[in-house]
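What the coordinates show
So the chains spell out like this:
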Amino acid sequence: MRVLVTGGAGFIGSHLVDALLKQGHEVTVVDDLSSGRRDNVSEGAPLHVLDVRDPALVELAAAWRPEVICHLAAQISVRASVADPVHDARVNVEGTARVLTAAHRGGTRKVVFASSVAVYGRPQAIPVPGDAATDPRSPYAASKLSAETYLASFKALHGIDYTTLVLSNVYGPRQSPEGEAGVVAIFTDALLSGAPTLLYGDGDQTRDYVYVEDVVDGFVMACGPAGGGRRFNLGTGIQTTDRHLHTLVAAAAGAPDRPGFAPARLGDLPAMAVDPLPAFEGLGWQPRTELTTGLKATVEWARSRRR
Ligand SMILES: NC(=O)c1ccc[n+]([C@@H]2O[C@H](COP(=O)([O-])OP(=O)(O)OC[C@H]3O[C@@H](n4cnc5c(N)ncnc54)[C@H](O)[C@@H]3O)[C@@H](O)[C@H]2O)c1
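It should be emphasised that the depicted structure is a prediction, and the values quoted were computed from it without experimental measurement.

1. Section: the domain arrangement of the protein
- Assigned domains within the protein: domain 1 (2-169 + 210-234) and domain 2 (173-208 + 238-271 + 289-306).
- Averaged C-alpha coordinates put domain 1 and domain 2 at centres separated by 26 Å.
- Counting residues at the interface gives 19 residues for domain 1, matched by 18 residues for domain 2.
- Across the domain 1 to domain 2 interface the summed buried area is about 1600 Å²; carbon plus sulfur atoms make up 45%.
- When residues of domain 1 are sorted by the area they lose upon contact with domain 2, Phe11, Arg79 and Tyr211 head the list and together hold 35% of the total.
- The tally of links between domain 1 and domain 2 comes to 2 salt bridges.
- Between arginine 174 and aspartate 18 there is a salt bridge whose closest N-O contact spans 2.9 Å.
- Where domain 1 meets domain 2, there are 7 residue pairs in polar contact (both at pLDDT 80 or more).
- Within the residue set of the side of domain 1 that touches domain 2, elements represented by two or more residues are helix H1 (11-22), helix H3 (78-83), strand S10 (209-211) and helix H7 (212-222).
- Here the side of domain 1 that touches domain 2 takes 4 residues from H1, the largest share from any one element.
- Each residue belonging to the side of domain 1 that touches domain 2 can be placed in one class, and the counts come to 7 nonpolar, 7 polar and 5 charged.

Parameters and conventions
Residues numbered from 1 in each chain as written. Predicted model: local features only at pLDDT ≥ 70, side-chain atom pairs only at ≥ 80, totals over all residues. Heavy atoms only, no water. Domains from an automatic or database assignment. Contact = heavy atoms within 4.5 Å. Buried area = accessible area lost by both parts, 1.4 Å probe. Salt bridge = Lys/Arg side-chain N within 4 Å of Asp/Glu carboxyl O. Polar contact = N/O pair within 3.5 Å; in protein donor to acceptor, adjacent residues only side chain to side chain. Helix = DSSP H or I, 4+ residues; strand = E, 2+ residues; numbered from the N terminus. Nonpolar A, V, L, I, M, F, W, Y, C, P; charged D, E, K, R; others polar.

Put into structure tokens, the structure is as follows:
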């Protein structure tokens, strides 16, 4: 199968490219390298350094005719979306409209889209069920939700199938410690270099950490006919507190477990976890990697890059 991966030089996208190539698929990557890295992309997949908003994407799809497009390229920072909502909308909404136009011109069967738990806002119940109401409370959440509705509109209009995957906190090798979301990468980087680490609030805030290879399994499964026209949560349903996460990363890094504490940040959710059961029923997807196992692999990868 021919698969075009947008954002394929990024953290999750590059692992997806590796998994697809391993299964014998033909893969092409589109990425503007705004946060992705050329050296993340396997030699087996040509990289087109291109903004997803660029009309050239439509020409590329028309010529290469991908059967599936996995759309992961995005402005990924909630804080950046608050600071510059127009830029966020341009990349995440206009970019998705361009990707869907490319899918239409390229005769693409299906688009698999990376959405975020941010679309749930402050959830009523945790773990958040698959059919929970959405409640976007940031421009990033609004742009992701808007992109989801574009998928549905292109299915209605042109018959292009789609699956939306709502990702919880993904962690693993190649995640950048630069962003705000990669708490595991931030702790790992600091603890390996002996720098101080900081927890916001009392450390009781919880998140649902899911390993990148498990998430990639979900994308590969969604490339098939299963889950057409639906959205699924990809998470573990398990809440881990910031304080406990710090203890686990410190143990994996062989570093002291002594974080500093700072006041809670305005707008931070006190708790989050999503119910993965619908993804099991609809796609056959299940998270496989225990947090301690995934953290060990992540820390080992970060350590190997320092040698
Ligand atoms: N990492 C997480 O925990 C998480 C959680 C929820 C959703 N997501 C979503 O998953 C996707 C991948 O995220 P990631 O963590 O791998 O981030 P990432 O920043 O590593 O990957 C995003 C990639 O998209 C590229 N990109 C950005 N803007 C582009 C543009 N205009 N044109 C072409 N390429 C562009 C970047 O260069 C980068 O390689 C994103 O859509 C993100 O919103 C991630």
